Each structure stands twice: as C-alpha cells, then as structure tokens.
Amino acid sequence: MTKACLRCVIAALSLIIISASAALAESPYPTPTRDGRERLQRHGTCPTGYVGLGDKCEALHNDTPRAYPYVPGAACPSGTFRSGDYCKAFR
C-alpha cells in the first residue's frame, strides 16, 4: 500500500516539474531566430516592424529595434517608446 502511494506522489511531482519547466520556457523577452531576427511571445498587438505569427511576434528585418513587453501602469524605460502592447527601442 505504501509503495503505491509513494509512486503516486512521485508521479504527481514529476508532472508538476514538467509543466512548470514548460511554462518557464516561454520567455516574454526577445529570443533570436536562426536567421538573426527577434521573436517575442505575443501579448496583444505586435509593435511596428514586427508581424504576428500565431502566438509570436517576429521582426521583419535583422536590424529591427528590439521590443519589450509593456508593463501596465508604468512608463516605458528611457530610450524606448510605446508601440502596440510593447516598449520599442529607438533606432
């Protein structure tokens, strides 16, 4: 009886660890594509210079300025401006 309970606990912990690692893999910050363009996890409207592809926003060009998720109720950091639901760097 205790071996069965122990197996259930181990299975539950394994499931929790696997699902947590999948959620952490989805970064809200820019990640590069194989061809050097930026890719963002989509949170609403994509910024200018980016195109929506499913649940991602992908830069149109390699030299497109970097964009970061906008934090509601806060101003965009210095050197950036609001574009869509993101803060985008000036050139």
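Data block above holds the structure.
These figures come from a predicted structure and were not determined experimentally.

### Some details on the overall build of the protein chain
Okay, so step 1: Regarding its fold elements, the protein chain presents one helix and seven strands.
Okay, so step 2: Reading the protein chain from its N end, one meets helices and strands in the order α-β-β-β-β-β-β-β.
Okay, so step 3: Within the protein chain, the fraction of its 91 residues that count as buried is 23%.
Okay, so step 4: In the protein chain, the proportion of contacts linking residues at least 24 apart, taken out of those at least 6 apart, comes to 30%.

### Side note on the side chain of Gln41
Okay, so step 1: Tracing the sequence through the fold places Gln41 in strand β2 (residues 38-41).
Okay, so step 2: A residue is classified by how much of its surface remains accessible, and Gln41, at 12% relative accessible area, is buried.
Okay, so step 3: Polar contacts involving the side chain of Gln41 include one to the side chain of Lys56, which spans 2.8 Å.

### Here we look at the pattern of salt bridges
Okay, so step 1: In the structure shown here, the tally under the stated rule is five salt bridges.
Okay, so step 2: Among the ionic pairs, Arg37 bridges to Asp35, the shortest N-O distance being 3.0 Å.
Okay, so step 3: Each member of the salt-bridge network shares a partner with another, and the members are Asp35, Arg37, Arg39 and Glu58.

### A look at the state of the cysteines
Okay, so step 1: Evaluation of the coordinates by the stated rule reveals two disulfides.
Okay, so step 2: Paired through a disulfide, Cys46 and Cys57 show a sulfur-sulfur distance of 2.0 Å. The sign of the S-S torsion, about -80°, decides the handedness of the disulfide formed by Cys46 and Cys57: left-handed. Taken together, the residues span a long stretch of sequence, with Cys46 in the loop between β2 and β3 (50-53) and Cys57 in strand β4 (residues 56-59) at a distance of 11 residues. Each member of the pair Cys46 and Cys57 is classed as buried.
Okay, so step 3: Across a sulfur-sulfur distance of 2.1 Å, Cys76 and Cys87 are joined as a disulfide pair. Note on the Cys76 and Cys87 pair: the S-S dihedral is about -80°, so by sign convention the disulfide is left-handed. Residue Cys76 is found in the loop between β5 (67-69) and β6 (80-83), and its partner Cys87 is found in strand β7 (residues 86-89); the two are separated by 11 residues along the sequence.

### Remarks on the pairing of β2
Both faces of the sheet carry side chains from a regular strand, because those side chains alternate between them.
Okay, so step 1: Note: strand β1 (residues 31-32) against β2, two bridges, orientation antiparallel. Within β2, the position partnered with Thr31 by the bridge is Arg39.
Okay, so step 2: Of the strand pairs in this sheet, β2 and β4 are connected by three bridges, and their pairing is antiparallel. Across the sheet, Arg39 pairs through a bridge with Glu58, a residue of β4.

The rules behind these values
Residues numbered from 1 in each chain as written. Predicted model: local features only at pLDDT ≥ 70, side-chain atom pairs only at ≥ 80, totals over all residues. Heavy atoms only, no water. Helix = DSSP H or I, 4+ residues; strand = E, 2+ residues; numbered from the N terminus. Buried < 20%, exposed > 50% of the residue type's maximum accessible area, 1.4 Å probe, protein only. Contact = heavy atoms within 4.5 Å. Polar contact = N/O pair within 3.5 Å; in protein donor to acceptor, adjacent residues only side chain to side chain. Salt bridge = Lys/Arg side-chain N within 4 Å of Asp/Glu carboxyl O. Disulfide = S-S within 2.5 Å. Pairing = 2+ DSSP bridges.

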